[in-house]
Amino acid sequence: MRKTTTTPRARRLAAVTIALGGCLALAVPAGGAAAAPSDPVPTVFFGDSYTANFGISPVNNQDSERGWCFQGTDNYPAVATRRLADKSITLDVQSDVSCGGALTHHFWQKQELPFGAGTLPAQQDALKQDTQLAVGSLGGNTLGFNRILKQCSDELRNPSLLPGDPVDGDEPAATCGEFFESGDGKQWLDDRFEQVGWELEELLDRIGYFAPDAKRVLVGYPRLVPEDTTTCLTAAPGQTQLPFADIPQDALPVLDQIQKRLNEVMKRAAADADGGADFVDLYASTGVNTACDGADRGIGGLLEESQLELLGTKIPWYAHPNAKGRDIQAQQVADKIEEVLNR
């Protein structure tokens with residue numbers, strides 16, 4: 001299976017043809033609700049830094065190249081698995097291949113790690129014929145959210161660990177809101193959203209092909225910017241930096257609309273998936289836990305120090321879920337998995 005230029009509908013039909021009906025096993029059976037399975041459920045977690053929970057310490061696989069994924073030992077897949085176990089729902093986690101920096105196409109292509117640390121195999125390689133549940137999120141890096149943040153921030157344009165370049169470095173950060181709402185900036189966004197949409201369809205098709213019996217759960221991203229952006233003009237308790245550092249206040253609603261659009265693209269991909277896929281709408285449920293919600297924030301501020309250190313220096317959160325946000329992710333995902341397995 002590979003990227004094509006055919007329409008999303010044609011790609012889905014092709015995937016079904018190739019699978020020779022294998023995806024039909026994903027159809028929801030008729031009948032009433034069933035009890036949660038008594039046997040362990042073979043499960044694969046996939047995704048990017050929001051699934052790996054970048055910023056949460058300690059980190060898994062520190063003695064191998066996978067340490068550069070910055071996958072927290074207590075990321076939300078691990079916490080959700082424990083919460084489900086408390087309800088006598090046992091996940092047999094075959095693998096958690098979530099990795100910081102992963103783009104959607106790294107689900108089916110190898111991922112190059114930073115600083116020449118090596119490469120990782122495609123995330124789909126973790127799927128097995130007996131996998132019954134596949135959970136995770138990808139799409140934010142394909143959209144280029146790091147590049148969007150750099151377009152809006154002079155501080156982030158300075159050398160940092162945050163990968164990527166601004167969309168157009170010749171355009172000043174102070175005008176990024178206008179940049180993304182018209183002209184080349186708007187066209188760039190439209191193109192990126194189109195790519196995110198069809199690549200998520202490809203991802204879900206591939207899960208259905210390589211793990212025909214797997215229930216698929218696509219997890220959205222938690223909300224970063226609140227509806228009332230005046231709250232972003234105050235630093236969180238114990239912090240000196242504003243939650244979004246030097247990003248102009250008039251650009252914050254634009255960033256929120258971009259994230260909302262990403263959420264809708266992900267939700268639509270799950271709804272349109274052949275055989276059906278479920279979606280965890282974190283954006284809709286985290287409006288009071290944004291980066292600007294002070295002590296209730298579930299998102300670490302853009303330049304707020306995370307739990308991670310590199311060469312003796314604390315790494316910023318770069319707007320990733322903190323421990324509170326991770327727990328919110330875990331609860332929402334655990335609830336959705338329980339719902340799915342109880343059907």
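*Asks:* Would you mind going over the state of the cysteines in detail, with residue names and values included?
*Replies:* One pass over the structure, following the stated rule, counts three disulfides. In this model, Cys69 is linked to Cys99 through a disulfide, with the two sulfur atoms separated by 2.1 Å. In this structure the cystine formed by Cys69 and Cys99 twists about its S-S bond by roughly -85°; its chirality is therefore left-handed. With a gap of 30 residues between them, Cys69 in the loop between helix H2 (49-52) and helix H3 (76-85) and Cys99 in the loop between strand S2 (91-96) and strand S3 (111-112) connect regions that are remote in the sequence. Across the disulfide from Cys232 sits Cys292; the S-S distance is 2.0 Å. Judged by the sign of its S-S torsion, about 100°, the cystine formed by Cys232 and Cys292 is right-handed.

*Asks:* Lay out empty space enclosed by the protein with the relevant residues and their values.
*Replies:* According to the stated counting rule, one finds four cavities of 30 Å³ or more in the structure shown. Approximately 190 Å³ is the volume found for the largest cavity. Lining the largest cavity are 15 residues, and of these Tyr50, Gly140, Phe145, Asn146 and Tyr221 sit closest to its centre. Sort the elements by how many residues they give to the lining of the largest cavity and helix H5 (residues 145-151) lands first, with three residues. The residue makeup of the lining of the largest cavity, split by class, is eight nonpolar, six polar and one charged.

*Asks:* Kindly report on the pattern of salt bridges, identifying the contributing residues and their values.
*Replies:* Think of it this way: side chains of opposite charge can pair up when their charged atoms draw near. Per the stated rule, a full pass over the model turns up 13 salt bridges. With a shortest N-O distance of 3.1 Å, Asp281 and Lys267 are connected by a salt bridge. With Asp281 in the loop between strand S7 (278-280) and helix H10 (282-285) and Lys267 in helix H9 (residues 252-272), this pair connects stretches of sequence that are 14 residues apart. What makes Asp281 partly exposed here is its relative accessible area of 21%. For Lys267, a relative accessible area of 31% puts it in the partly exposed group. A salt bridge links Asp278 to Arg343, with the shortest nitrogen-to-oxygen separation between them at 2.5 Å. With Asp278 in strand S7 and Arg343 in the segment after helix H11 (323-341), this pair connects stretches of sequence that are 65 residues apart.

Thresholds, definitions, all that
- Residues numbered from 1 in each chain as written.
- Predicted model: local features only at pLDDT ≥ 70, side-chain atom pairs only at ≥ 80, totals over all residues.
- Heavy atoms only, no water.
- Disulfide = S-S within 2.5 Å.
- Helix = DSSP H or I, 4+ residues; strand = E, 2+ residues; numbered from the N terminus.
- 1 Å grid on protein atoms, 1.4 Å probe; cavity = no way out; pocket = protein on both sides within 12 Å on 5 of 7 lines; lining within 4 Å.
- Points joined across faces, edges and corners; volume = space filled by probe spheres on them.
- Nonpolar A, V, L, I, M, F, W, Y, C, P; charged D, E, K, R; others polar.
- Salt bridge = Lys/Arg side-chain N within 4 Å of Asp/Glu carboxyl O.
- Buried < 20%, exposed > 50% of the residue type's maximum accessible area, 1.4 Å probe, protein only.

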